[in-house]
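Residue-level listing of the chains:
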Amino acid sequence: MLVAFFESIKYSGHLVPISFLRIFVGYYYLQEFILKFSGDFLIRPRVAEMISQNLVASQAPEWVKWILNTYMVVHWQGFAFTLLAIELAIAISYILGYVVRPIGLLAVLSTILLLYLSPSGSQDFLKILLATHFAFAWVGAGRCLGLDYYFFKRVRGIWW
Amino acid sequence: MKHFFIFITAVFLFLFVAHINKNQNFLASEQKPTVRIFAYSSFTSKWGPGPQLKNLFEQTCECVVEFIEGSDSGILLQRLKVEGQKLGADLVIGFDQFDLQKATVELSWRALDFSKIDFDSQILLASKNEYFVPYDWGVLSFVTKKSKGFSTTLSLDDLLKSQFASKIALQDPRTSSVGLQFVMWVLKVKGETEGYEYLKQMMKQAHSFSPSWSTAYGLFKSDQVDMVLSYAASPLYHSIEEKNDDFVSLEMIEPQPVQVEFVGIPSFCKNCEKAEEFVNLMMSPEGQKIIMEKNYMLPVLKNVKIGTPFETIKIPFRLLDIEFPSLTEVDGVLTRWSQIRREISL
């Protein structure tokens, strides 16, 4: 696996810059995860507050607003746990370059959700992040400087 | 895909175990009831009175106080409607006299009896409400710097003189309660016809109509304007916190408006008794002193400010009576104001 890791630079060296970006984004998500986990994100209804404060002015479709308002505010603990677990999964996946394509798609979905729930000031950053996740999933950013190259060689398929 | 599902499951399991581990201590403290208090951000921030009141209350209440903040009272009411009934809200701090009717119409409140409290005579009228108790008050005034050399006694008409052109920072009444106070003040002392004409002149005269008091005050502090609509106690803040005595509030020839802030307990509260105890703390001399010193507003209790720098605040000889305008009245005024603003912009 270690040989494959370094071999990936030789055979997919054109992806090295995007791999650096992938690791950087992964590190960002790891920082966000640590901040939330060590804080009170899972203990206090921060996510319910976020929904209440921002959903009124959100451009989310009505059915999304309805679901968030009806279920997610009440079951905020499960919702907060899922959001945090996805952040951790993105962090590990991007840093190791493991299952980057499916995780990239998952990241796209979670970023769209956060776009609906964020104040207008932070939306530009989230839009850039959304495009970045999409690009990672598209090119298979884990194939260079990542574990995905090892599995790609052995299994092939669109998910690597 | 098998790898993906195994990976995701492993991450969820890891987080679940870590969460359980981390919360073993927290669960013990959760046995205590949580008093959820909705308040505006300057009350709950570390320089506001909220944290100090919370610490004082938690020492004796066998409970945990949690603040939920909104940037202003409008947002507060909105959050209360969406989130309050589902997650619980025990106390709401920060409505002023313009919000009370809206709050009463949109939500139901628990009756409070604080009739035995020795209120300051200036705000006796505001203490008669069945559901909301006043906890601080302030006189609105224009604030300037002595070094600018203006007379400290002016009339509203003086503000239209050419020397103040583009030198006064005002607030947008649609988003700021101080801005709304100004509009209602003008209409009260000048009457409707003359009042709207004055507002039209003032729109040409003012530097800007900021969305909030803090933005307008920022313009003044950074010397972009010479004068700002603020509180009579604002100069005291600079004197105490910044050791700067250059700031002064103007005494207006017309009677000046008063802003009163209220606290109320929604009828869907979960820890209603604890919430009432918190209100008792706010209304105690100790609580009033904390609010006065952190909020730079006047206490509602008599005698609290005696022997403090707040005693030196010059309360204008004439104050406007505190009124509780109806929702329709406020909406009508705001619509007319917006219309004038559009006409001026064209």
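Refer to the structure printed above.
Source: prediction; values computed, not measured.

## Here's the deal with the overall build of chain B
Secondary structure assignment for chain B yields 12 helices and 12 strands. Sorting the 346 residues of chain B into buried and exposed places 40% on the buried side. In chain B, the share of contacts with a sequence separation of at least 24, taken over all contacts with a separation of at least 6, comes to 78%.

## As for the interface of chain B and chain A
Counting residues at the interface gives 18 residues for chain B and 22 residues for chain A. Of all the secondary-structure elements, those providing two or more residues to the side of chain B that touches chain A are helix H1 (2-30), strand S2 (64-70) and helix H4 (73-87) of chain B. Examining the composition of the side of chain B that touches chain A, we find that nine residues originate from one element, H1(B), more than from any other.

## What to know about the nonpolar core
Nonpolar side chains in soluble globular proteins generally cluster together in the buried interior. Residues and elements named next belong to chain B. Of all hydrophobic cores here, the largest spans 86 residues; its most connected members are Ile37, Leu91, Val92, Val183, Val228 and Val263. Three or more residues apiece are contributed to this core by two domains, here domain 2 (29-137 + 260-310) and domain 3 (139-258 + 320-345). Non-local contacts of valine 183, meaning those with residues more than four positions away in its chain, are made with Pro173, Leu199, Val333 and Trp337.

## Structural notes on the pairing of strand S11 (residues 258-264) of chain B
Residues and elements named next belong to chain B. Burial analysis of S11 places six of its seven residues in the buried class, the great majority of the element. Sheet topology note: the strand S3 (residues 91-96)/S11 ladder contains four bridges and is antiparallel. Note on S11: the bridge partner recorded for isoleucine 93 is valine 263. Both strand S4 (residues 132-145) and S11 contribute to a ladder of seven bridges, which runs antiparallel. Counterpart to valine 139 in the pairing with S11 is valine 258.

## A short note on unusual backbone geometry
One non-glycine residue, A:Val99, adopts positive backbone phi at about 40°. Mapped onto the fold, A:Val99 is located in the loop between helix H5 (76-96) and helix H6 (100-117). Located in the positive-phi region is B:Tyr296, a residue other than glycine, with phi close to 50°. You can see B:Tyr296 is positioned in the loop between helix H11 (285-295) and strand S12 (298-299).

Procedures and definitions
- Residues numbered from 1 in each chain as written.
- Chains lettered and ligands numbered in written order.
- Predicted model: local features only at pLDDT ≥ 70, side-chain atom pairs only at ≥ 80, totals over all residues.
- Helix = DSSP H or I, 4+ residues; strand = E, 2+ residues; numbered from the N terminus.
- Buried ≥ 20, exposed ≤ 12 C-beta atoms within 10 Å, placed from the backbone.
- Contact = placed C-beta atoms within 7 Å.
- Core = buried A, V, L, I, M, F, W, Y, C linked by C-beta atoms within 7 Å.
- Domains from an automatic or database assignment.
- Pairing = 2+ DSSP bridges.

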